[in-house]
Amino acid sequence: MQTAQPVLTARALTKVYGSDATATHALAGVDTTVFAGESLAVMGPSGSGKTTLLHCLAGIVRPTSGAVMWRGTDIVAMRDAQRTALRRTDFGFVFQSGQLLPELPAVENAALPLMLAGMPRAEATARASDVLARLGLAGMDDRRPGEMSGGQAQRVAIARALVGSPGVVFADEPTGALDQSTGTEVMSILTSAAEAAGAALVVVTHDPGVARWCSRTITMRDGRVSGEFLAPDRSTPASAAQTEDAR
Ligand SMILES: Nc1ncnc2c1ncn2[C@@H]1O[C@H](COP(=O)(O)OP(=O)(O)O)[C@@H](O)[C@H]1O
Ligand SMILES: [Mg+2]
C-alpha cells in the first residue's frame, strides 16, 4: 500500500499569549503532521488550543517557537509577503460564518481568491461558477449571501476555499452556526469536495458528529495533543496513514 505523504508538519510548536503573570500557553509543544489527501479533525474542549494550532499551521499566527514545514520550507521563517502569497495560493479557509461579503453575489464571493491573485474577473467568475455548480449551487451565482440559507452560504464559503485548487483547506468550526442536519450536509460536501479536489482538510471542531466525517482525529488538551484515532471504516487516501500509524 502506498504511504501517504506529509504536506504540513508542525514541530515543537509553542504559542504564548501575553507575558509573565498573565501569560497563556495556548500551545505547549505540539508535533503533528497533515498527510496528503486526508481529512484531519482537531477536537478538544474550549480553550485547549485548537484554533491557535490551526492558525499556526495556516501561517496566520506566528508561533512563539517551533517550525511548520510546508513542502520542505518552514513557513514560520518566511518573510511576511511570502507567507501571505502562500496562504492565497496553497491554502483555503472556511470559518464558522460571517465570512462572505454581504454586498457581493455568490459567484464573486467564491471568485475572490482568484481575483486577489490577479486573475481577470471573467475567468475567475467562470471558474467560481463551475465550483458552485459542483457544490449543488447551480443557478445561484447572482444570489447575495443574505438571500441564501445558512447551508447554502456555507457552500459558497467552501467554493471560495476550493476555487484556487489549494493543497490544504482549513476549517474552524465550519458547522458551528448551523443546525444539525444542515451541519451534516455541509460536512458531507466539505469532505467530499476536498477529497475530489485532492486537498487535505483540517477541521477544528468540538463536535464528535463533525469529526466522524474525517479520516483521522487528534484531540487536544491544555495546548498539547492528547490523543489520536482513525476512522474505522473509511477508505480515503488517509487509509495509507492508517496502516502506518496503527500500532
Ligand atoms: N489573541 C489572543 N490573545 C490572548 N489569548 C489568546 C488569544 N487567542 C487565544 N488565546 C488563549 O489561548 C488559549 C487557546 O485558545 P484557542 O486556540 O482559541 O482555543 P480553542 O480554539 O481550542 O477554543 C485560550 O486560553 C485562549 O483564551
Ligand atoms: Mg477555537
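Up top is the structure these notes are about.
What counts, and at which threshold
Residues numbered from 1 in each chain as written. Chains lettered and ligands numbered in written order. Predicted model: local features only at pLDDT ≥ 70, side-chain atom pairs only at ≥ 80, totals over all residues. Helix = DSSP H or I, 4+ residues; strand = E, 2+ residues; numbered from the N terminus. Rg over C-alpha atoms; globule rule 2.2 N^0.38 Å. Buried ≥ 20, exposed ≤ 12 C-beta atoms within 10 Å, placed from the backbone. Pairing = 2+ DSSP bridges. Contact = placed C-beta atoms within 7 Å. Axes fitted to C-alpha atoms, helices over the stretch in contact; angles between N-to-C directions. Core = buried A, V, L, I, M, F, W, Y, C linked by C-beta atoms within 7 Å. Near = placed C-beta within 6 Å. Nonpolar A, V, L, I, M, F, W, Y, C, P; charged D, E, K, R; others polar. Expected span 1.5 Å × (residues − 1).

Colleague: Give me the lowdown on the overall build of the protein chain, citing residues and values where you can.
Modeller: Broken down by element type, the protein chain carries 8 helices and 10 strands. Taken over the C-alpha trace, the protein chain has a radius of gyration of 18 Å; the compact-globule value for 247 residues is 18 Å, and the two agree within 12%. Considering only C-alpha atoms, the protein chain reaches an extent of 50 × 40 × 35 Å along its principal axes. Looking at the protein chain as a whole, 44% of its 247 residues qualify as buried.

Colleague: Give a detailed account of the pairing of strand β7 (residues 168-172), specifying residues and quantitative values.
Modeller: Extensive coverage of β7 is indicated by the burial of 4 of its 5 residues. As paired strands, strand β6 (residues 91-94) and β7 are joined by 4 bridges and run parallel to one another. Bridging across to β7, Phe93 finds its partner in Phe170.

Colleague: Any chance you could break down the sheet that holds strand β1 (residues 6-17) for me, citing the residues and the numbers?
Modeller: The 4 strands are arranged β2-β1-β4-β5 in an open sheet whose pairing can be described as antiparallel. The outermost strands of the open sheet, each flanked by one partner alone, are β2 (24-35) and β5 (73-74). Direction of pairing for β1 relative to strand β4 (residues 65-70): antiparallel, over a ladder of 5 bridges. Its bridge partner being in β4, Arg11 is matched across the sheet by Ala67. Of the strands in this sheet, β1, β2 and β4 are in contact with helix α1 (residues 50-57), which crosses β1 at around 125°.

Colleague: Residue-level account of the nonpolar core, with values.
Modeller: Residues Val42 and Val202 are the most contacted members of the largest nonpolar core, which totals 69 residues. Broken down by element, this core gets its largest block of residues, 7 residues, from helix α5 (residues 150-162). Setting aside residues up to four positions removed in sequence, Val202 forms contacts with Val34, Leu40, Val42, Leu54, Leu57, Val168 and Phe170.

Colleague: Report on the sheet that holds β7, specifying residues and quantitative values.
Modeller: If you walk across this open sheet you meet the 6 strands as β6-β7-β8-β3-β9-β10, and the pairing is mixed. A single partner strand is all that each edge strand has here, and the edge strands are β6 and β10 (224-230). Across the sheet, the mean angle separating the axes of adjacent strands is 20° when strand polarity is ignored. Where strand β3 (residues 39-43) and strand β8 (residues 200-204) come together, 4 bridges link them in parallel fashion. Residue Leu40 lies in a different strand from β8, and its bridge partner there is Val202. Sitting on the sheet, α1 touches β3, β7, β8 and β9 (216-221), and the angle it makes with β8 is about 150°.

Colleague: Break down the environment of Tyr17 for me, with residues and values.
Modeller: By the secondary structure assignment, Tyr17 is in strand β1. In sequence terms Tyr17 and Gly44 are 27 residues apart; their C-alpha atoms lie 19 Å from each other. Setting aside residues up to four positions removed in sequence, Tyr17 forms contacts with Thr24 and Ala26.

Colleague: Got a sec to walk through helix α3 (residues 106-116)? Specific residues and values, please.
Modeller: Judged by how many residues are buried, α3 sits mostly within the fold: 8 of 11 residues are covered. Listing the buried residues of α3 in full gives Ala106, Val107, Glu108, Asn109, Ala110, Ala111, Pro113 and Leu114. Residues of α3 that are buried make contact with α2 (80-90), α4 (121-134) and α5. Backbone geometry just downstream of α3 places Gly118 in the positive-phi region, at approximately 100°.

Colleague: Break down the site of ligand 1 for me, with residues and values.
Modeller: With respect to spatial proximity, the complete set of residues near ligand 1 consists of Tyr17, Gly18, Thr24, Ala26, Gly44, Ser46, Gly47, Ser48, Gly49, Lys50, Thr51 and Thr52. Among the elements of the structure, β2 and α1 are those that each provide at least two residues to the shell around ligand 1. When residues in the shell around ligand 1 are grouped by element, the largest group, 3 residues, is from α1. Residues of the shell around ligand 1, tallied by class, amount to 2 nonpolar, 9 polar and 1 charged.

Colleague: Any details on α5? Residues and values, ideally.
Modeller: Between its first and last C-alpha atoms α5 spans 19 Å; for 13 residues at 1.5 Å apiece the expected length is 18 Å, and the two agree. Within α5, 11 of the 13 residues are buried, leaving the element largely enclosed by the surrounding structure. Every buried residue of α5 is listed here: Gln152, Ala153, Gln154, Arg155, Val156, Ala157, Ile158, Ala159, Arg160, Ala161 and Leu162. Looking at the buried residues of α5, the elements they touch are β6, α3, α4, β7 and α6 (180-197).

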